Amino acid sequence: MSRLSSLFTTLAEQGRKALVPYIVAGDPDPRYTVTLMHELVAAGADIIELGIPFSDPMAEGPVIQLAHERALAHNTSLNQALDMVAEFRREDSKTPIVLMGYTNPVERMGYETFARQASDSGVDGLLTVDMPPEEAAEISALMKAVGLDNIFLLAPTSSEQRIAKVSALATGYLYCVSLKGVTGAGHLDVDSVRAQLALIKKHSTLPVTVGFGIKDGASAAALAPLCEGVVVGSALVDRFANWDHEADAAPQIAQAVALIKEIREAVDGAPTN
Amino acid sequence: MSSSKNNVDYAAFPSKEGHFGRYGGRFVSETLIFALDELEQAFLRLRKDPAFQAEFDRDLAHYVGRPSPLYHAERWSREVGGAQIYLKREDLNHTGAHKVNNTVGQALLAKYMGKKRVIAETGAGQHGVASATVAARLGMSCQVFMGEEDIQRQALNVYRMKLLGAEVVSVKSGSRTLKDAMNEAMRVWVTDVDDTFYIIGTAAGPHPYPMLVRDFQSVIGREARQQCLDSTGKLPDALVACVGGGSNAIGLFHPFLQDEGVEMYGVEAGGHGLATGQHAAPLSDGRPGVLHGNRTYLMQDDNGQISHTHSVSAGLDYPGVGPEHSWLKDIGRAQYVTIDDEEALTAFRKLTLTEGIMPALESSHAVAYAEKLAATMSPEQTIVVNLSGRGDKDIHTVAGIDGIGID
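Residues numbered from 1 in each chain as written. Chains lettered and ligands numbered in written order. Predicted model: local features only at pLDDT ≥ 70, side-chain atom pairs only at ≥ 80, totals over all residues. Heavy atoms only, no water.

- The name given to chain B in an unreviewed UniProt entry is Tryptophan synthase beta chain, and the organism recorded there is Spongiibacter thalassae.
- Among the UniProt annotations of chain B, the heading Subunit (unreviewed entry) holds the following wording: "Tetramer of two alpha and two beta chains."
- In the Cofactor (unreviewed entry) part of its UniProt record, chain B is described as follows: "pyridoxal 5'-phosphate". (UniProt positions renumbered as here; feature names shortened; annotations may be inferred.)

- Labelled according to an unreviewed UniProt entry, chain A appears under the name Tryptophan synthase alpha chain, originating from Spongiibacter thalassae.
- In UniProt, chain A has this text filed under Function (unreviewed entry): "The alpha subunit is responsible for the aldol cleavage of indoleglycerol phosphate to indole and glyceraldehyde 3-phosphate."
- What UniProt records for chain A under Pathway (unreviewed entry) is the sentence "Amino-acid biosynthesis; L-tryptophan biosynthesis; L-tryptophan from chorismate: step 5/5."

Structure below.
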């Protein structure tokens, strides 16, 4: 059983929900990423989604776009992200790591090389924002062969037919995009997410995490009872927006940790469905 | 020619999934899939609908001013002393470039699909102007995304768009040029996907855009083919067109693909020269990858990050290219070459002085290559050059290079 599957099994047994912070590898500076990952786990993260910096992050709102730019300013790319995961694994063999990014850096490395190196580095899964199942057959097969999970998005615009199709190829979990828009958008509507999750559950037994638009304990607590996990991205990444290159990033990391602790408590305190 | 060896049925591409060989496809986030499905279904239905086709043809004739002439540049041909050069005068279209063929078609699609608002990206501003124009005519609201850097380079077109009632949104992310404008348009589309129609300006992007832009622009090649037969009694020996995203080139090439004897040359922006890395020539010096919804040749580094590009012409300053061109390159049906900034500027002046026709800096790349090519051919042979746009918008740029301020 993969790290992701066993995590969701354990959480289900405990009646708990996964808390999934998203950070960009190399943001605000590569030297902080592994430390930050450990701190997030200590603060209550169950899975870490590690963003692979890309020059053209088409699906991101302004906050995460800037995070990609900060990471790229330090030449952090897929190779460095894999090294960071390998370093993280020396001290943490338990917390699943999912790489989240865009197709081109993975394609440039080569699907086969990527699958092998990701597996060797201790990565658990990949979510490629701009690679829907129709284009993913080749990489999915290669990832499956080395035991990596392939995570796909489902959107408010996904038809039932598509939900079935995406679910058939997905492993690990499904990532439900809570709204029409880019990351960090502010118009979360819990009722429509509830309806969307009901459709997804009709066609899949995979755990479902919800992301886009979760910015604090309250929004996380509102969604957690409906799904198996919540993803926090922009609100977390925004903590690094005003970091001064000359200074130590400890205060920003402390703020990030505080946010994750707040959301952890809110999610754990939310009534079960 | 390689086409006979390949024995390809070009009309069968793209595949149902939008692939041209290994290129093209649909690399977008899940939220947009339904919008692309909806667009594809509407297009496949409407292109067979006589009422839609009749309205499109009528608009092309009476609004755009088609057919555009095929002009025999006799004086220039004589000076070059080789093949006879014919110019397909897309510069004479309403709004001054080939772009309007596509925006008229896509705006009509938007109208038939009941969309009230259009958005577009633009580099040089020609596609933005063409989009603002058709939106004004149909009473739709229009938002044009343009890189901050391009807004400075193309002040005249920015003002034209505003006069036409469009909102021009300055894009300040990434390299602040066309690629970033396209990223931003995609972001806005994903947010307002229900009522917004995204008019992509070139034969790139996720399926079905490369197919539908090609089909709308193919009027260029269909006319040119017939005009050649009418005026010379035979098909041309070669076609030459500039390639940024490649919509004017695919529009000219596509109706000739099945004609084995017709050679095709796509001219990319060599910028300061291929060796400098400062250019916009992905087919000549790039590698396949995925950007803006399709797999195609891209300018990128070893980590798969998209490279900054350079060209004197904003309309060619783009790191990708339409997927059909990538495929035509790989199977050898078309050749892709480069012309650098300086050669393009020389051709701009040459055509202006010799024929009294001022080409856009984009089209000047095709003009420059045609001159080289013609010199290697005989006077019985003919070349058709797609004069994709007029140079009025570039006068500031050229004057600046000459050290002349004309504000």
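That covers the picture; the talk isn't over yet.
1. Notes on the overall build of chain B
1) Next: The number of helices and strands found in chain B is 17 helices and 14 strands.
2) Next: Taken over C-alpha atoms, the radius of gyration comes to 19 Å for chain B, in line with the 22 Å a tight globule of 407 residues would show.
3) Next: With 407 residues in all, chain B has 63% of them scored as buried.
4) Next: Long-range pairs, those at least 24 residues apart, make up 74% of the contacts in chain B with a sequence separation of at least 6.
5) Next: Put simply, chain B shows about 13800 Å² of open surface, and 50% of that area lies on carbon and sulfur atoms.
6) Next: Placing the 39 positive and 50 negative side-chain charges of chain B at their respective mean positions leaves the two points 3 Å apart. (Helix = DSSP H or I, 4+ residues; strand = E, 2+ residues; numbered from the N terminus. Rg over C-alpha atoms; globule rule 2.2 N^0.38 Å. Buried < 20%, exposed > 50% of the residue type's maximum accessible area, 1.4 Å probe, protein only. Contact = heavy atoms within 4.5 Å. Areas by Shrake-Rupley, 256 points an atom, 1.4 Å probe, with all protein chains shown as cover. Lys, Arg positive; Asp, Glu negative; His and termini not counted. Charge placed at Lys NZ, Arg CZ, Asp CG, Glu CD.)

2. Observations concerning the interface of chain A and chain B
1) Next: Facing the 36 residues of chain A at the interface are 36 residues of chain B.
2) Next: Between chain A and chain B, roughly 2900 Å² of surface is buried when both sides are summed, and carbon and sulfur atoms account for 48% of that area.
3) Next: Three residues, Met58, Arg108 and Glu135 of chain A, lead the burial of chain A against chain B; their summed loss comes to 24% of the area buried on that side.
4) Next: Across the chain A-chain B interface, the total number found is four salt bridges.
5) Next: Here Glu30 of chain B and Arg162 of chain A are joined by a salt bridge, their closest N and O atoms 2.7 Å apart.
6) Next: Joining chain A to chain B, the criterion identifies 24 residue pairs in polar contact (both at pLDDT 80 or more).
7) Next: For the side of chain A that touches chain B, the elements supplying multiple residues, two or more each, are helix H3 (62–73), helix H5 (103–109), strand E5 (149–154) and helix H8 (160–169) of chain A. (Buried area = accessible area lost by both parts, 1.4 Å probe. Salt bridge = Lys/Arg side-chain N within 4 Å of Asp/Glu carboxyl O. Polar contact = N/O pair within 3.5 Å; in protein donor to acceptor, adjacent residues only side chain to side chain.)

3. Details of the UniProt feature "active site" (unreviewed entry) in chain A
1) Next: In the numbering adopted here, UniProt assigns the feature "active site" (unreviewed entry) to Glu49 and Glu60 of chain A.
2) Next: Along the chain, Glu49 of chain A falls in strand E2 (residues 48–51).
3) Next: Non-local contacts of Glu49 of chain A, meaning those with residues more than four positions away in its chain, are made with Val20, Pro21, Tyr22, Ile23, Val98, Met100, Leu127, Tyr173, Tyr175 and Val231 of chain A.
4) Next: Residue placement: Glu60 of chain A occurs in the loop between E2 and H3.
5) Next: A relative accessible area of 4% places Glu60 of chain A in the buried class.
6) Next: Beyond its immediate chain neighbours, meaning those up to four positions away, Glu60 of chain A contacts Tyr22, Gln65, His68, Tyr102, Val182 and Thr183 of chain A together with Arg187 of chain B.

4. Section: the UniProt feature "modified residue: N6-(pyridoxal phosphate)lysine" (unreviewed entry) in chain B
All names here are of chain B.
1) Next: Per the UniProt annotation, the sites labelled "modified residue: N6-(pyridoxal phosphate)lysine" (unreviewed entry) are Lys99.
2) Next: Here Lys99 is to be found in helix H5 (residues 99–112).
3) Next: Apart from residues no more than four positions distant in its own chain, Lys99 is found in contact with Gln126, His127, Ala130, Gly201, Thr202, Gln217 and Ser247.

5. Some thoughts on the nonpolar core
1) Next: Counting 119 residues, the largest nonpolar core has Tyr175 of chain A together with Leu109, Trp189, Tyr198, Leu252 and Phe253 of chain B as its most contacted members.
2) Next: Tallying contributions element by element places helix H9 (residues 178–191) of chain B first for this core, with eight residues.
3) Next: The residues that make up this core include at least three from each of domain 1 (21–60 + 99–206) and domain 2 (65–96 + 214–401) of chain B.
4) Next: Of all hydrophobic cores here, the second largest spans 69 residues; its members include Met109, Met131, Ile200 and Leu223 of chain A. (Core = buried A, V, L, I, M, F, W, Y, C linked by side-chain atoms within 4.5 Å. Domains from an automatic or database assignment.)

6. A closer look at a nonpolar patch on the surface
1) Next: A cluster of nonpolar side chains, namely Met358, Ile395, Ile404 and Ile406 of chain B, defines an oily patch on the protein surface of about 310 Å² accessible area.
2) Next: Note that Ile404 of chain B resides in the segment after helix H17 (395–401). (Patch = residues over 30% accessible without salt bridge, like charges linked within 9 Å, V, L, I, M, F, W, Y side chains within 5 Å.)

7. Looking at the environment of Ser29 of chain B
1) Next: On the secondary structure map, Ser29 of chain B appears in the loop between strand E2 (23–27) and helix H2 (30–46).
2) Next: In this structure, the C-alpha to C-alpha distance between Ser29 of chain B and Met186 of chain B, residues 157 residues apart in sequence, is 10.0 Å.
3) Next: When neighbours within four sequence positions are excluded, Ser29 of chain B is seen to be in contact with Val129, Asp130 and Leu153 of chain A together with Val190 of chain B.

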